[in-house]
Amino acid sequence: MAAMSIANVIKTSLGPVGLDKMLVDDVGDVTISNDGATILQLLEVEHPAGKILVKLAQQQDTEVGDGTTSVVIIAAELLRRANELIKNHIHPATVITGYRLACKEACKFIADQMALSVDKLGKEALVSVAMTTISSKILGAYGTFFAEMAVDSLSAVKTLDFRGKPKYPVKAVNILKVKGASARESSYFTGYALYRPFTSSAMKRSLKNPKIAVIDFDITKTRMKMGVNIVIDNPDNLEAIRKREADISAERVRIILAAGVTAVFSTRGIDDMYVKMFAEAGAVTVTRVPKDDARRIAKGTGASLITTLANLEGDESLDASSIGTAELVEQVRLSDDDVVVIRGAKEQQASTVILRGANDYMLDEMER
């Protein structure tokens, strides 16, 4: 009964003429979607069998990215048919054995008769696959526009694994949501975009062949740790202590610049006085970069996420192997916001899809 109830909830959202569901949570946040995994994630399911169906949809979304509604409806229908067989006094073990045999035969038939090698498929076939996927979603009304964008953006991040087989890392495709304009004004470009501006307007708008450092510490005036007190006998020493507090971070800036770094991406803050030092040296800085984005930038450019400048000798230094490279770092304007774009990353190519839409609900559904 629990499985059938869940299937009945999402059955109406299946297919090109499926209806969207509006879900409101405890706080009052509204989600509008016809994506099976999203709907089931927002439902409060208590029944153990129902929870299995919710996890099934999430697993399908993770592994395949499509067919989340279909797997739940098929699973619920199989359970309903099994229930009828059990009512006719057929042992559950016999039903399970029959289902396993049917699963093997179905997989064998698909592999022998229906499966095609991806190498033989051209771009048109891939666009058709993408079209089938998004035809039941909000983007289905825009024809091949978004299907081609999805294929192009994934083709741009093609890499080869250690066996020489092609790999298309989906996480290398970054999605930026920008409110305003029509959905048809959405676009994609090769490069990694970050929804953050350069820290100072005095910095260059673009920088060719930058050396990139990704740091996970703040460059601010050094303060004593909690519970550490300094007792001063001579008031003249107070100014010297304050100056030294400022100089510690200034020395770190000089170490970073001396290593040849021209672009700094920090997950934390950088004080204005140190931003001025970077700007005067011709370097650019971006602060408050989300951790996930910082890791992606580090991986793509061949840099390391630097948590400290301290070395084994007890001094501070910056190893050249921790610095990444790219062809271009620039700041571009999208709608009312400034976006930093990294193009031509050394290690891994990235592509960015910029989604335009009327409001947050539409953009969230487009992203899904």
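Each chain has its residues counted from 1, running along the sequence as written. A pLDDT threshold of at least 70 governs which residues receive local features in this predicted model, and a stricter bar of 80 or more applies before side-chain atom pairs are shown or counted, although totals over entire chains, interfaces and linings include all residues. Computation of side-chain values covers all heavy atoms of the structure but excludes hydrogens and water.

Before we move on, could you go through the sheet that holds strand 7 (residues 192-194) and cite the residues and values that matter?
The sheet built from 4 strands is open, its strands ordered 7-15-14-8 with antiparallel pairing. A single partner strand is all that each edge strand has here, and the edge strands are strand 7 and strand 8 (206-208). Averaged over all pairs of adjacent strands, the angle between strand axes in this sheet comes to 25°, irrespective of strand direction. Across 7 bridges, the pairing between strand 14 (residues 328-334) and strand 15 (residues 337-343) is antiparallel. Its bridge partner being in strand 15, Val332 is matched across the sheet by Val339. Any two strands with at least two DSSP-identified bridges between them are counted as paired. In this text, helices come from DSSP runs of H or I with a minimum length of four residues, and strands from runs of E with a minimum of two, each type numbered from the N-terminal end. Working convention: axes come from line fits to C-alpha atoms, limited for helices to the stretch in contact. Angles between N-to-C directions cover 0 to 180 degrees.

Pulling in residues and values, what's your account of unusual backbone geometry?
In this structure, His89 takes a positive phi of about 65° despite not being glycine. Looking at where His89 falls in the secondary structure, it is placed in the loop between helix 4 (68-87) and helix 5 (92-114). Even without a glycine there, the phi angle at Arg288 is positive, about 55°. By the element assignment, Arg288 lies in the loop between strand 11 (284-286) and helix 10 (291-301). Classification of residues uses two cut-offs on accessible area relative to the type maximum, computed with a 1.4 Å probe and protein chains only: under 20% is buried, over 50% is exposed, and between them is partly exposed. With a relative accessible area of 51%, Arg288 lands in the exposed category.

I'd like to hear about the packing of helix 3 (residues 48-63) against helix 4, residue by residue, with values.
A pair of packed helices is characterised by two quantities: the angle between their axes and the separation of those axes. Where helix 3 meets helix 4, the closest approach of the two axes is 8 Å, and the angle between their N-to-C directions is 145°. In this structure, helix 3 meets helix 4 at a crossing whose hand is right-handed. On helix 4, the residues touching Leu53, Leu56, Ala57, Gln60 and Asp61 of helix 3 are Thr68, Val71, Val72 and Ala75. Here the contact of helix 3 with helix 4 is built from residues that sort into 6 nonpolar, 2 polar and 1 charged. Handedness of a crossing follows from how the near helix is turned relative to the far one, being left-handed for an anticlockwise turn of less than a right angle and right-handed for a clockwise one. Every residue pair with non-hydrogen atoms within 4.5 Å of one another is taken to be in contact. Three categories are distinguished: nonpolar for Ala, Val, Leu, Ile, Met, Phe, Trp, Tyr, Cys and Pro, charged for Asp, Glu, Lys and Arg, and polar for the others, with Gly belonging to the last.

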